[in-house]
Amino acid sequence: MADISTFPTRATILVTDPQIAPLRTFTAYAAISAGQVVTVDPGNGDNYVTAGDSDGAAPVVGVALYGAAAGAPITVCTAGCICYVANESGSDAVGEGSTLMLANVDVAGCVLAYASGAGYIVGVALEDIAANGWGRALIMPYTEVVA
Amino acid sequence: MAAISTFTTATDRILVHGDNQYTFTAAETLYAGQVVQVIPGGGDFLIYGGKLANTAVPIGIVDQNATSGDTDVTVNLYGCVCYGANADDGTAIEAGSALKVTANTSCDGTLQAWAGGATEYIIGIAVTDIAADGFGQVLICPHLSTIA
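Residues numbered from 1 in each chain as written. Chains lettered and ligands numbered in written order. Predicted model: local features only at pLDDT ≥ 70, side-chain atom pairs only at ≥ 80, totals over all residues.

1. What to know about the overall build of chain B
Rule in force here: The numbering of helices and of strands both runs from the N terminus, where a helix is a DSSP run of H or I of at least 4 residues and a strand a run of E of at least 2. Based on C-alpha atoms, the radius of gyration is set beside the globule rule, defined as 2.2 Å times the residue count to the power 0.38. Working definition of burial: number of other C-beta atoms within 10 Å of the residue's own, with buried at 20 or more, exposed at 12 or fewer, and partly exposed in between, all C-beta atoms being placed from the backbone. Throughout, a pair of residues is in contact if the C-beta atoms placed from their backbones lie within 7 Å.
When you go through chain B residue by residue, the secondary structure sums to zero helices and eleven strands. The linear arrangement of helices and strands in chain B, starting from the amino end, is β-β-β-β-β-β-β-β-β-β-β. For chain B, the C-alpha radius of gyration of 14 Å lies close to 15 Å, the compact-globule estimate for 148 residues. Taking the principal axes of the C-alpha coordinates as reference, chain B spans close to 35 × 35 × 30 Å. Relative to its 148 residues, chain B shows a buried fraction of 47%. Here the contacts in chain B between residues at least 6 apart in sequence split such that 63% fall between residues at least 24 apart.

So, in structure tokens, the structure goes:
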């Protein structure tokens with residue numbers, strides 16, 4: 001399994017009708033790309049989001065609707081949205097029905113299939129997510145902690 | 001206490017509050033008020049009546065009856081309050097209970113109170129009592145339960 005080395009680009013992230021989608025505005029702590037999974041990291045300040053990585057100690061807030069520079073407002077697709085997410089693997093697809101968690105790769109903001117143990121859950125894949133590609137997911141963040 | 005064997009027909013509309021709905025394709029016959037899942041290997045955007053054996057997080061509660069292959073089947077998703085059905089005909093579920101996908105293999109898409117002590121798939125929280133063999137209101141907030 002090979003991890004991707006750069007975050008892929010995509011113009012359209014939101015699938016849910018924007019009139020009903022639960023979207024929230026935050027501030028980008030650092031530059032964020034459209035489609036990256038984001039977290040509110042402890043110590044970064046109120047309502048600042050960063051591209052998430054499972055190495056961080058922060059649960060998932062949602063998926064960035066657009067790209068934003070550091071310090072700029074950023075709209076985030078939060079719990080209940082259906083939107084596109086990026087696979088962390090350059091070689092393995094993620095199957096539909098898979099529970100998705102925040103990936104631990106050099107490229108922040110990607111997802112992989114949850115298997116077991118602790119992790120920051122992003123949501124559920126509603127279709128296959130191709131290797132090095134995008135797929136639609138229902139965003140339902142929570143923190144899975146297994147004793 | 002006995003597991004119901006046929007899904008109780010809903011007499012009221014399923015959605016109580018919220019507008020977070022999306023359409024999917026029915027992979028099998030579905031009844032209004034059933035919990036549904038997208039299951040691994042089951043096909044893109046195909047929904048199935050929820051059951052423990054599917055080992056998949058439920059996504060919501062279906063808003064209408066459907067037959068296999070129907071497209072545009074509306075599902076009430078995260079944040080909606082809607083009616084769901086008790087899996088048991090002898091015991092009510094109390095308001096405030098976390099609700100898990102049923103282990104009742106004879107009637108998919110029904111609800112049981114989560115008693116803790118095991119990792120199981122939760123569809124949401126009962127916001128009203130759910131009568132035995134009846135319907136009650138559920139706040140949909142799916143997740144995998146956590147054992148402490």
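2. Here's the deal with the confidence of the model for chain B
All names here are of chain B. Put simply, the test is: Values of pLDDT, the confidence the predictor places in each residue, fall between 0 and 100.
On average, residues of chain B score 91 in pLDDT, and 97% of them reach the 70 mark or higher. When mean pLDDT is compared element by element in chain B, strand β6 (residues 73–76) scores highest at 98, while strand β8 (residues 98–101) scores lowest at 90. Here the predicted complex carries an ipTM of 0.87, next to a pTM of 0.91.

3. Side note on the sheet that holds strand β4 (residues 46–49) of chain B
Basically, it comes down to this: Whether two strands pair comes down to DSSP finding at least two bridges between them. Axes here refer to lines fitted to C-alpha atoms; in helices the fit is confined to the stretch in contact. Angles between the N-to-C directions go from 0 to 180 degrees.
Overall, mixed pairing links the five strands, which are arranged β2-β4-β3-β5-β6 (chain B) in a closed barrel. Between one strand and the next, the sheet's axes are offset by a mean angle of 55°, whatever the strand orientation.

4. Remarks on the pairing of strand β5 (residues 73–77) of chain A
Residue and element names in this part refer to chain A. Pairing of strand β1 (residues 23–28) with β5 involves five bridges; the strand directions are antiparallel. Across the sheet, R24 pairs through a bridge with V76, a residue of β5. The pairing of strand β4 (residues 60–64) with β5 spans two bridges and is classified as antiparallel. Bridged to A64 within β5 is V76.

5. A short note on the interface of chain A and chain B
Each side of the interface is counted separately: chain A has 22 residues, and chain B has 23 residues. Here the side of chain A that touches chain B gets four residues from one element, more than from any other, and that element is strand β10 (residues 134–144) of chain A.

6. Remarks on unusual backbone geometry
The backbone of N47(A) shows a phi angle near 65°, a positive value even though the residue is not glycine. Here N47(A) shows up in the loop between β2 (37–39) and β3 (48–51). We classify N47(A) as partly exposed; it has 13 C-beta atoms within 10 Å. Even without being glycine, F45(B) reaches a positive phi, approximately 60°. For F45(B), a count of 18 C-beta atoms within 10 Å gives the class partly exposed.

7. Describing the environment of V40(A)
Residue and element names in this part refer to chain A. With respect to the helices, strands and loops of the structure, V40 is situated in the loop between β2 and β3. With 19 C-beta atoms counted inside 10 Å, the residue V40 sits in the partly exposed group. Along the chain, V40 and T25 lie 15 residues apart, while their C-alpha atoms are 12 Å from each other. For V40, the contacting residues outside a window of four places in its chain are Y48, V49, A58 and V61.

8. Section: the sheet that holds strand β9 (residues 119–125) of chain A
Residue and element names in this part refer to chain A. Spatial strand order, β6-β10-β9-β7-β8: five strands in an open sheet with antiparallel pairing. Looking at strand neighbours, the two that pair on one side only are β6 (82–86) and β8 (111–113), the edges of this open sheet. For this sheet the average axis-to-axis angle between neighbouring strands, irrespective of direction, equals 50°. Alignment of β6 against β10, held across five bridges, turns out to be antiparallel. When the sheet's bridge partners are listed, I82 is paired in β10 with L138.

9. What to know about the environment of A27(B)
Residue and element names in this part refer to chain B. Summarising the element assignment, A27 is placed in the loop between β2 (21–26) and β3 (35–37). Note on A27: 22 C-beta atoms within 10 Å, which makes it buried. Remark: the alpha-carbon pair of A27 and L111, spanning 84 residues in sequence, is separated by 20 Å. Dropping the residues within four chain positions of it, A27 is found in contact with G42, G43, L46, I47, Y48 and S68.

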